[in-house]
Amino acid sequence: MSEITDPAELRELLGTPMPRAVAKERIALHPRDRDWIANSPFIVLATSDAEGNCDASPKGDPAGFVQVLDDKTIAIPERPGNRRADGYLNILSNPRVGVLFLIPTRGETLRVNGRAKLVRDAPYFDDMVVKGHRPILAIEVEIEQIFFHCAKAFLRSNLWKPEEWQEPDLPTQARLVKELQPNTPETVEQLEEYYGEIYQNKLYNT
């Protein structure tokens, strides 16, 4: 194994980025960024704690669920989850975050990096109601860097081409839980029921 240990060695291996790739960084939202955010139903939020332990959390809702507050600020609503609060706890110790905005069928992604804070309530929470659920908190991100990322990863993976998808040889979520958490008291059958219609009906219930 030959490990890369310094930036010069890495740069020699990768080469110099194209000027266009360097120049695409911005520090405030362009109207096209706003359009992209308004059409995105899915994001990945990256956080880390003060010691650098990382977390990447998927978040999804109807397109436009992330609110644009101004040219330098966006807000991500809380939705009911497993209550581990990994990303939220990370933000309390280290406000640096990265957000990746995805749109189905589009290979490009919008990348936002900045400083985050947790907000317990704000007037715009009323605009974040989905199926009667008003978020109990939101993540406000002050933008420090924003740019579009190219589509190569999506093109290589054929992510948006169903005809190229292969049926994964993987157990169901219920069987994964039972296998990886053997002390789970529910049977596989009970878990299958829970992760079916019950799970779907509880998407916005705490």
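See the structure printed just above.
Here the structure is a predicted model, which is why all the values come from computation and not from measurement.

Basis of the calculations
Residues numbered from 1 in each chain as written. Predicted model: local features only at pLDDT ≥ 70, side-chain atom pairs only at ≥ 80, totals over all residues. Heavy atoms only, no water. Helix = DSSP H or I, 4+ residues; strand = E, 2+ residues; numbered from the N terminus. Buried < 20%, exposed > 50% of the residue type's maximum accessible area, 1.4 Å probe, protein only. Contact = heavy atoms within 4.5 Å. Pairing = 2+ DSSP bridges. Axes fitted to C-alpha atoms, helices over the stretch in contact; angles between N-to-C directions. Core = buried A, V, L, I, M, F, W, Y, C linked by side-chain atoms within 4.5 Å.

S.K.: Mind showing me how you'd approach the overall build of the chain here?
M.R.: Along the chain, the regular secondary structure elements total 7 helices and 7 strands. For the chain, the N- to C-terminal ordering of α and β elements is α-α-α-β-β-β-β-α-β-β-β-α-α-α. Viewed in the frame of its principal axes, the chain has a C-alpha envelope of about 55 × 50 × 40 Å. Relative to its 206 residues, the chain shows a buried fraction of 31%. Sequence-distant contacts, at least 24 apart, represent 63% of the contacts inside the chain between residues at least 6 apart.

S.K.: Mind showing me how you'd approach the pairing of strand S3 (residues 67-70) here?
M.R.: Moving residue by residue along a regular strand, the side chains alternate between the two faces of the sheet. Pairing between S3 and strand S4 (residues 73-77): 3 bridges, direction antiparallel. Residue pairing in the sheet places Asp70 in a bridge with Thr73 of S4.

S.K.: Looking at this structure, how should I read the pairing of strand S5 (residues 96-102)?
M.R.: By the criterion of burial, S5 is predominantly enclosed, with 5 of the 7 residues buried. Sheet analysis places strand S1 (residues 42-48) next to S5, joined by 5 bridges and oriented antiparallel. Along S5, the bridge assignment pairs Ile43 with Phe101. With 6 bridges joining them, S5 and strand S6 (residues 109-119) adopt antiparallel strand pairing. Bridging from a neighbouring strand, Arg96 pairs with Arg115 of S6. Here S5 folds back onto S6 in antiparallel fashion, the turn holding 6 residues, of which Thr105 has a positive phi close to 80 degrees.

S.K.: Teacher, can you tell me more about the environment of Pro31 here?
M.R.: Mapping Pro31 onto the fold places it in helix H3 (residues 31-39). The exposed category is assigned to Pro31, whose relative accessible area is 52%. In the structure, Pro31 is positioned 35 residues away from Val66 in sequence and 15 Å away in space, judged by C-alpha atoms.

S.K.: What am I meant to see in the side chain of Asn94 here?
M.R.: Take Asn94: it is sitting in the loop between helix H4 (86-93) and S5. If we skip the residues at most four places from it in the chain, Asn94 touches Ser48, Asp49 and Ala50.

S.K.: Please clarify how the sheet that holds strand S7 (residues 138-149) should be interpreted in this entry.
M.R.: Strand pairing within a sheet occurs via backbone hydrogen bonds; the two strands may be parallel or antiparallel. The strand order across the open sheet built from 7 strands is S2-S1-S5-S6-S7-S4-S3, with neighbouring strands paired in antiparallel fashion. In this open sheet, the two edge strands, each paired with only one partner strand, are strand S2 (54-60) and S3. Pairwise comparison of adjacent strand axes, ignoring direction, gives a mean angle of 30 degrees for this sheet. Lying on the sheet, H4 is in contact with S1, S2, S5, S6 and S7; it crosses S6 at an angle near 75 degrees.

S.K.: Hey, could you run me through the nonpolar core in this one?
M.R.: Inside soluble globular proteins, nonpolar side chains tend to come together where they are buried. Counting residues in each nonpolar core, the largest one holds 23 residues, and the members touching the most others are Val66, Ile74, Ile76, Phe101, Val112, Ile139 and Val141. When residues of this core are traced back to their parent elements, those giving at least two are H3, S1, S4, H4, S5, S6 and S7. The leading source of residues in this core is S7, at 4 residues. Core analysis: the second largest hydrophobic core is formed by 7 residues, Val119, Ala122, Met128 and Ala138 among them.

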